[in-house]
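# Tertiary structure, described
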Amino acid sequence: MSLPAEFHEIAERVNNWGRWGADDEIGTLNLITDAVVREAVAAVRTGLRIPLALPLQQDGVQSGLIPGRINPLHTMVQINQELFGPGTVATSDDTAVLSLQTATHWDALTHASHSGKIYNGRPAATITAHGGAQFSGIDKAPHIVSRGVLLDVARAHGTDRLPGDHAVTPEDLDAAEELAGVGVRAGDIVLVRTGQVQAYLAGDKHAYAYPSPGLSIRTPEWFRARDVAAVANDTLTFEIFPPEIEDLWLGVHALDLVEMGMLQGQNWNLEKLSTACAEEKRYSFLLSAMAEPFVGATGTPVAPVAVL
């Protein structure tokens, strides 16, 4: 089944292949310049720090909807063990098995492919079972620190949580930008709040997964026009699920990651940030969201922090 003509038309308009050279592996992260970071630091006024990650736990967001994704399996391998003899300092150690996209995470540019290609026109076959991603693995992502902007689409709609069939459109982003009173600019990391994570926080991981509001196939052009560096939201699938165009599954993934070379994040908890931004009447902040440098990986857990 081929991708529809509408997908290819949007892909042509947002494509960034070759924009930063034929050897580029980081895409829109190139937009986070020293000047952008200096301006991001200047956004800090109170020093209030808000964590945005969900806990890494066995009863996590994964419900079996996505094959192969498991919640973390945590095991103790040492418990108060006196390694150097009786009476010496004792240590405890842990080990874990987890999917790298298990909870709050970044998708690497190699997480999606279409038509046999990944970002910058490289063959999808450069991702192998033993070597992982030869190009654009998450380990290639540099310092992901920039100005963050919360686009609180749910609040702009006057609700705590968007309905499951709501596709977040460019018009929604415009309304949330107006609510924020701040213009999204080049190098920003945009966080889009739908309120969907409330279902998981209330203990219903199945309602969290499906059906789910999320970004529309039309939003990549909005982000491309503003030269956004990365986008994350508070849903399992990032884009609306089921899709707004029949049989176009993960079309937004393909446009963001493959065509535009823009990192995207899922399962971010934006609830406390939403409250704080509304109270402060300020929706921009310093955002630190460093990737764990798993070599060749197509994604990574992340523990982002917004500093207001």
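The model shown is predicted, which means the values in this text are computed figures rather than measured ones.

Secondary structure summary: the chain contains nine helices and 15 strands in total. Computed over its C-alpha atoms, the radius of gyration of the chain comes to 20 Å, within 12% of the 19 Å expected for a compact globule of 308 residues. The burial tally for the chain puts 51% of its 308 residues in the buried class. Within the chain, contacts between residues separated by at least 24 positions form 77% of all contacts whose residues are at least 6 apart in sequence. Accessible surface computed for the chain: about 13,500 Å², of which carbon and sulfur atoms make up 53%. The chain carries 21 positive and 37 negative side-chain charges, and their two centres are separated by 6 Å.

Let's shift gears to the pairing of strand S7 (residues 145-152). Burial of S7 is extensive: seven of the eight residues sit out of reach of the surface. As judged from the five bridges shared by S7 and strand S13 (residues 284-288), these two strands associate in the antiparallel manner. Within the sheet, the bridge partner assigned to Ser-146 lies in S13 and is Leu-287. Here five bridges tie S7 to strand S9 (residues 189-193), and the two strands are oriented parallel to one another. In the sheet register, Leu-150 faces S9, and the bridge partner there is Leu-191.

Strand order in the open sheet formed by nine strands is S1-S15-S13-S7-S9-S11-S12-S4-S14, and the pairing between neighbours is mixed. Each edge of the open sheet is held by one strand with a lone partner, namely strand S1 (49-51) and strand S14 (299-301). Taking the axes of each pair of neighbouring strands and ignoring which way they run, one obtains an average angle of 25° across the sheet. Both strand S4 (residues 105-107) and S14 contribute to a ladder of three bridges, which runs antiparallel. Bridged to Trp-106 within S14 is Thr-300.

On the surface, Ile-70, Leu-73 and Val-97 cluster together to form a nonpolar patch covering roughly 230 Å² of accessible area. Mapping Val-97 onto the fold places it in strand S3 (residues 91-97).

What follows deals with the packing of aromatic side chains. Two aromatic rings, taken as a pair, are described by how far apart their centres are and by the angle between their planes. The full count for this structure, using the stated rule, is five aromatic pairs. With a centroid separation of 5.1 Å and an interplanar angle of 65°, the aromatic rings of Trp-106 and Trp-268 are classed as edge-to-face. Of this pair, Trp-106 sits in strand S4 while Trp-268 sits in the loop between strand S12 (263-266) and helix H9 (271-280), and the two are 162 residues apart along the sequence. Neither Trp-106 nor Trp-268 differs from the other in exposure class; each is buried. Judged by centre distance (5.8 Å) and plane angle (75°), the ring pair of Tyr-210 and Phe-241 falls under edge-to-face. Within this pair, whereas Tyr-210 is found in the loop between helix H6 (205-209) and strand S10 (214-215), its partner Phe-241 is found in the loop between strand S11 (230-233) and helix H8 (251-260), the two being separated by 31 residues in sequence. Put simply, the rings of Tyr-210, Phe-241 and Trp-249 pair up and form one aromatic cluster. Sitting over the face of the ring of Phe-135, Arg-122 holds its NZ or CZ atom 4.5 Å from the ring centroid.

Here the focus is unusual backbone geometry. Cis geometry is found at the peptide bond from Tyr-210 to Pro-211, where omega equals -10°. One can find Pro-211 in the loop between H6 and S10. Looking along the chain, the bond that leaves Phe-241 and enters Pro-242 is cis, with omega of 0°. Here Pro-242 shows up in the loop between S11 and H8.

Two elements in contact, helix H7 (residues 219-226) and H8, have axes whose closest approach is 9 Å; the angle formed by their N-to-C orientations is 30°. Considering their axes alone, H7 and H8 lie roughly parallel with respect to each other. In this structure, H7 contributes Pro-220, Phe-223 and Arg-224 to the contact, and H8 contributes Val-252, Leu-255, Asp-256 and Met-260. Class assignment of the residues belonging to the contact of H7 with H8 gives a composition of five nonpolar, no polar and two charged.

The rules behind these values
Residues numbered from 1 in each chain as written. Predicted model: local features only at pLDDT ≥ 70, side-chain atom pairs only at ≥ 80, totals over all residues. Heavy atoms only, no water. Helix = DSSP H or I, 4+ residues; strand = E, 2+ residues; numbered from the N terminus. Rg over C-alpha atoms; globule rule 2.2 N^0.38 Å. Buried < 20%, exposed > 50% of the residue type's maximum accessible area, 1.4 Å probe, protein only. Contact = heavy atoms within 4.5 Å. Areas by Shrake-Rupley, 256 points an atom, 1.4 Å probe, with all protein chains shown as cover. Lys, Arg positive; Asp, Glu negative; His and termini not counted. Charge placed at Lys NZ, Arg CZ, Asp CG, Glu CD. Pairing = 2+ DSSP bridges. Axes fitted to C-alpha atoms, helices over the stretch in contact; angles between N-to-C directions. Patch = residues over 30% accessible without salt bridge, like charges linked within 9 Å, V, L, I, M, F, W, Y side chains within 5 Å. Salt bridge = Lys/Arg side-chain N within 4 Å of Asp/Glu carboxyl O. Phe/Tyr/Trp six-rings, centres within 6.5 Å; stacked < 30°, edge-to-face > 60°. Lys NZ or Arg CZ within 6 Å of the ring centre and 35° of its normal. Parallel < 35°, antiparallel > 145°, perpendicular 65-115°, else oblique. Nonpolar A, V, L, I, M, F, W, Y, C, P; charged D, E, K, R; others polar.

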